[in-house]
Every structure is written in C-alpha cells, then in structure tokens.
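Structural overview for review
Each chain is listed here by its residues.
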Amino acid sequence: MLFDELQNMKNKALQSIESAVDKKSLGEIKGEVFGKNGALASLSKGMRDVAPEDRPKVGALINEVRNVLEAKLAQKEEEMARKELEERLNSEKIDITEPAKNCERGALHPIAGVIDRLTDICVNLGFSVVEGPEVESDYYNFEAMNIPKNHPSRDMQDTFFINDNILLRSQTSAVQAREMEVRKPPFKIVCPGKTYRNDSDSTHSPVFHQMEGLVIDENVSMADLKSMLTIMMKRLYGDDTEIRFRPSFFPFTEPSIEVDVSCPTCHGKGCSLCKGTGMLELLGAGIVNPKVLEMSGIDSKKYRGFAFGFGLDRTAMILNSIGNIRYLYRNDIRFLNQMK
Ligand code: FA5
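Residues numbered from 1 in each chain as written. Predicted model: local features only at pLDDT ≥ 70, side-chain atom pairs only at ≥ 80, totals over all residues. Heavy atoms only, no water.

1. Structural notes on the overall build of the chain
Along the chain, the regular secondary structure elements total 11 helices and nine strands. Taken over C-alpha atoms, the radius of gyration comes to 42 Å for the chain, far larger than the 20 Å a tight globule of 340 residues would show. Its C-alpha atoms give the chain principal-axis dimensions of about 125 × 50 × 40 Å. Counting every position in the chain, which comprises 340 residues, the buried fraction comes to 43%. Summarising the internal contacts of the chain: among those between residues at least 6 apart in sequence, 67% fall at separations of at least 24. With the model as given, the accessible surface of the chain reaches about 19,100 Å², and the carbon-plus-sulfur share is 51%. In the chain, 45 side chains carry a positive charge and 50 a negative one; their mean positions are 1 Å apart. (Helix = DSSP H or I, 4+ residues; strand = E, 2+ residues; numbered from the N terminus. Rg over C-alpha atoms; globule rule 2.2 N^0.38 Å. Buried < 20%, exposed > 50% of the residue type's maximum accessible area, 1.4 Å probe, protein only. Contact = heavy atoms within 4.5 Å. Areas by Shrake-Rupley, 256 points an atom, 1.4 Å probe, with all protein chains shown as cover. Lys, Arg positive; Asp, Glu negative; His and termini not counted. Charge placed at Lys NZ, Arg CZ, Asp CG, Glu CD.)

2. Remarks on helix H1 (residues 2–19)
Residue pairs three or four apart in sequence face the same way in an α-helix, which turns once every 3.6 residues. With 18 residues, H1 should reach 26 Å at 1.5 Å per residue; the first-to-last C-alpha distance of 26 Å fits that figure. For H1, the full list of buried residues reads Leu 2, Leu 6, Met 9, Lys 10, Ala 13 and Ile 17. Seen end-on, H1 carries its buried residues on one side only, within an arc spanning 105 degrees. The exposed residues of H1 that point more than 90 degrees off its buried face are Asn 8, Lys 12, Gln 15 and Ser 19. Where H1 is buried, its residues contact helix H2 (23–34), helix H3 (39–45) and helix H4 (55–91). (Expected span 1.5 Å × (residues − 1). Arc of directions from axis to C-beta.)

3. Observations concerning the side chain of Gln 210
Along the chain, Gln 210 falls in strand S5 (residues 207–217). A residue is classified by how much of its surface remains accessible, and Gln 210, at 10% relative accessible area, is buried. Filtering out sequence-adjacent residues up to four positions away, Gln 210 remains in contact with Gln 171, Thr 172, Cys 191, Pro 192, Gly 193, Thr 195, Arg 197, Phe 310 and Leu 312.

4. Digging into the packing of aromatic side chains
Counted under the stated rule, the structure contains five aromatic pairs. A connected cluster of aromatic rings, assembled from ring pairs, spans Phe 127, Phe 308 and Phe 310. Here Lys 57 stacks its cationic end above the ring of Phe 3, 5.4 Å away from the centre of that ring. Sitting over the face of the ring of Phe 187, Arg 183 holds its NZ or CZ atom 6.0 Å from the ring centroid. (Phe/Tyr/Trp six-rings, centres within 6.5 Å; stacked < 30°, edge-to-face > 60°. Lys NZ or Arg CZ within 6 Å of the ring centre and 35° of its normal.)

5. Section: the environment of Glu 53
Summarising the element assignment, Glu 53 is placed in the loop between H3 and H4. Residue Glu 53 is classed as exposed on the basis of its relative accessible area of 61%. As for Glu 53 and Met 339, which are separated by 286 residues in sequence, their C-alpha atoms are 97 Å apart.

6. Let's talk about unusual backbone geometry
For the bond from Pro 185 to Pro 186, the omega torsion is 0 degrees, close enough to zero to count as cis. The residue Pro 186 is located in the loop between helix H7 (174–182) and strand S4 (187–196) in this model. With an omega dihedral of 0 degrees, the bond running from Glu 254 to Pro 255 counts as a cis peptide bond. Positive phi outside glycine occurs at Lys 275, with the angle close to 55 degrees. The topology assignment puts Lys 275 in the loop between strand S7 (253–262) and strand S8 (279–288). Residue Ser 321 is not a glycine yet carries a positive backbone phi of 50 degrees. The residue Ser 321 is located in the loop between helix H10 (312–320) and helix H11 (333–338) in this model. For Ser 321, a relative accessible area of 47% translates into the label partly exposed.

7. Focus: the site of the ligand
Inspection of the region around the ligand gives 27 residues, with Gln 171, Ser 173, Arg 197, Ser 205 and Glu 281 positioned closest. Interatomic distance of 2.8 Å between a side-chain N/O atom of Ser 173 and a nitrogen atom of the ligand. At 2.8 Å, a side-chain N or O of Arg 197 approaches an oxygen atom of the ligand. Summarising the interface, the protein chains cover 96% of the accessible area of the ligand, which totals 670 Å² for the free molecule. The element best represented in the shell around the ligand is S8, accounting for five residues. Grouping the constituent residues of the shell around the ligand by class yields nine nonpolar, 12 polar and six charged. (Near = heavy atom within 4 Å. Polar contact = N/O pair within 3.5 Å; in protein donor to acceptor, adjacent residues only side chain to side chain. Nonpolar A, V, L, I, M, F, W, Y, C, P; charged D, E, K, R; others polar.)

8. Overview of the packing of helix H5 (residues 110–124) against H10
The relative placement of two packed helices is expressed as an angle between their axes plus a distance between the axes. Viewed as axis vectors pointing N to C, H5 and H10 meet at an angle of 100 degrees, and their least axial separation amounts to 9 Å. Between H5 and H10, the angle falls in the class roughly perpendicular. In this structure, H5 contributes Pro 110, Ile 111, Val 114, Ile 115, Arg 117 and Leu 118 to the contact, and H10 contributes Leu 312, Asp 313, Thr 315, Ala 316, Leu 319 and Asn 320. In the contact of H5 with H10, the residues fall into eight nonpolar, two polar and two charged. (Axes fitted to C-alpha atoms, helices over the stretch in contact; angles between N-to-C directions. Parallel < 35°, antiparallel > 145°, perpendicular 65-115°, else oblique.)

Have a look at this one:
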C-alpha cells in the first residue's frame, strides 16, 4: 500500500516538475514534496505501520524517490536558468550592421587651447601657475603697480569700477603684488585669466584674457626677458615667426617694451586688422620697477625682476587666423567647428 502510494507520488511529482513553467511554480512543487509537512515526509511517517520484513524495501524506495525527485528538480532548474539566459541574450542582441549614430566630438575653445599651450610652455620653463581674483581691489590692480589714484597713467586702461575701491581687474598684473607679498624670492610664476576694459573693436574686447608672468631673482636682466619671450613665442608660433620688440611705457616696469608678431590676416603686408602695420601687438613687458618691489616688501637692492603680460585673445587670433576678436565670444557653432 505505502509502496504504491510512494510510486504514485513520485510519478505525479515528476509530471508536475516537468510541466512547471517558471521558478515560482517549481519552488511551490519543491515545498509540496520536500517541505516539513510535504508528501515525502508524511509518507515516511507510514513506515511505522509497515511489517518489519518489508521495511528495508520501503526504506530503499523512499530514498530512491527522494534521489530521483531531487535530480529531476535540479535538472529542471538548470534548464530554466539556461532558457532565461538565452532569452536575455536574444533580447539584448546588438545589430552590428545598423548605421552608427553620428557622435559629435567636442573641442577646446580657441582661448582655452591657447591657455593650455602657453601654460605648458611656461611650466616647461620652470614657472609655477597661480590664479588671482577677477573682482579686484584698486590697490592690487593699480596702486601696488605704481599707479596712484588720480594719476594720468590710469587712463591707459579704461576700467570698470564697482565702487571707489573695487573694480573688475583690468590687467593680470594685479596678481604680481599679491604673489610678491606671500612668496620668498627667487620665484617664477605665471597667471592666466580674464581681464576687463571698456574697449571694443576688431582687436579689443571688453572681456579678454591675459597671462601674466613674473620672475624675481638676483641677477635678472633685459637680456633674460628678451630671450625668455623669444623662446616662448617660437615655441608657440613656430621658429619662422617674425617678432618685434618696441620700447614702451608701463608705470610698473622700467624699462618697458611691447612685443608684436606678424599679422594673422595679411602676414605682414598690412591690412585693416593690423591698421596697415603688418604686425599685431601681443604683449607688454619690462624690468620690474624697484618701487613695485619695495611696496611689496622685496629688497630691491638684492633682487630684480622681469614681468610680461600676454594678450591671449590676440594669441588665439594669430594661431587660428581669426580676423575679428568678436568671433571668440559669439558662441557661433559654425565658427567653433572650424577651430577643432
Ligand atoms: C598690460 O595690460 C600690462 N599689464 C602688461 C604688462 C605686464 C606690462 C607686465 C609689463 C609687465 P596692455 O594694456 O598693453 O598691458 O595689454 C597687454 C596685452 O593685452 C596687449 O598687448 C593685448 O594683446 C591685450 N589686450 C589689451 N587690451 C585688450 C582688449 N581690450 N582686448 C583684447 N586684448 C587686449
């Protein structure tokens, strides 16, 4: 009797396992057969009523039923897992013959590109890179640069004042005094950043970029400044670039120079961009005025320095043959695409 019941239970369970459609129903069948109160457990309890001579036979059958059903369950579980994986792989199939989506590649803005290139050149020449505030005090922008209040040389830079003592820095030279106050000579720093002036034409923009350079050491000369600038310009524009040094005036350098390079549009012939001169002014420079050193607490008898202020927008114009500075600020994607 128990013998038959076991055989029946086995056949029924085998069928249910075979026809189970998902993991959930398989789990339920597992519970019904092997659970604490499942079919196998309750049938095993019937052993008590089996005649002693039949017990080994029935016991062997119980074990066989358990082994067969366990094996069948494991086989079904594996089958289901394989099927599930196959279905997932099929649904996630990639059609490699489908045309690729056009992925637009971005690029650095020409000014960001110039900042990167010039910074690299300067770092290779031993400079450290620093930053300074764009909203600056009158003191650092002018007074510490030997340009006292109401001095006519302030007119050289048409400045945006926020109040009597706060302004949008008109030159990165403002970082010179800040750095001289906190650094011990000798040192070499460059500071790229935005500058602001009330200026606007094809080579002047109200917001533009400069890179300040400052070297303070014991035996610094004009020859060092000229050779440093020549190396930088040649590395930036190539060995055959024409460079012109001109005497100039800045209240914070003495003597002072300005440096021009051949015009990007006419290549030296003369055009409206360079106002017929064939050259574009790129930077101002000079030997740091001893008064500036003293105001920032540096002993001008022991130390000398040279400084330069690159116009980065003009540098970008020259490198990319851009005929009007305004293109750099219009965010016109057609223009920017040509700069890639
Ligand atoms: C100065 O600003 C000085 N601070 C440079 C300097 C630094 C001299 C250290 C000595 C020692 P200047 O005003 O000439 O100098 O400007 C320097 C460069 O900035 C110019 O040669 C030009 O390339 C660029 N520049 C000036 N104004 C504008 C503007 N409005 N738009 C675009 N570029 C400008």
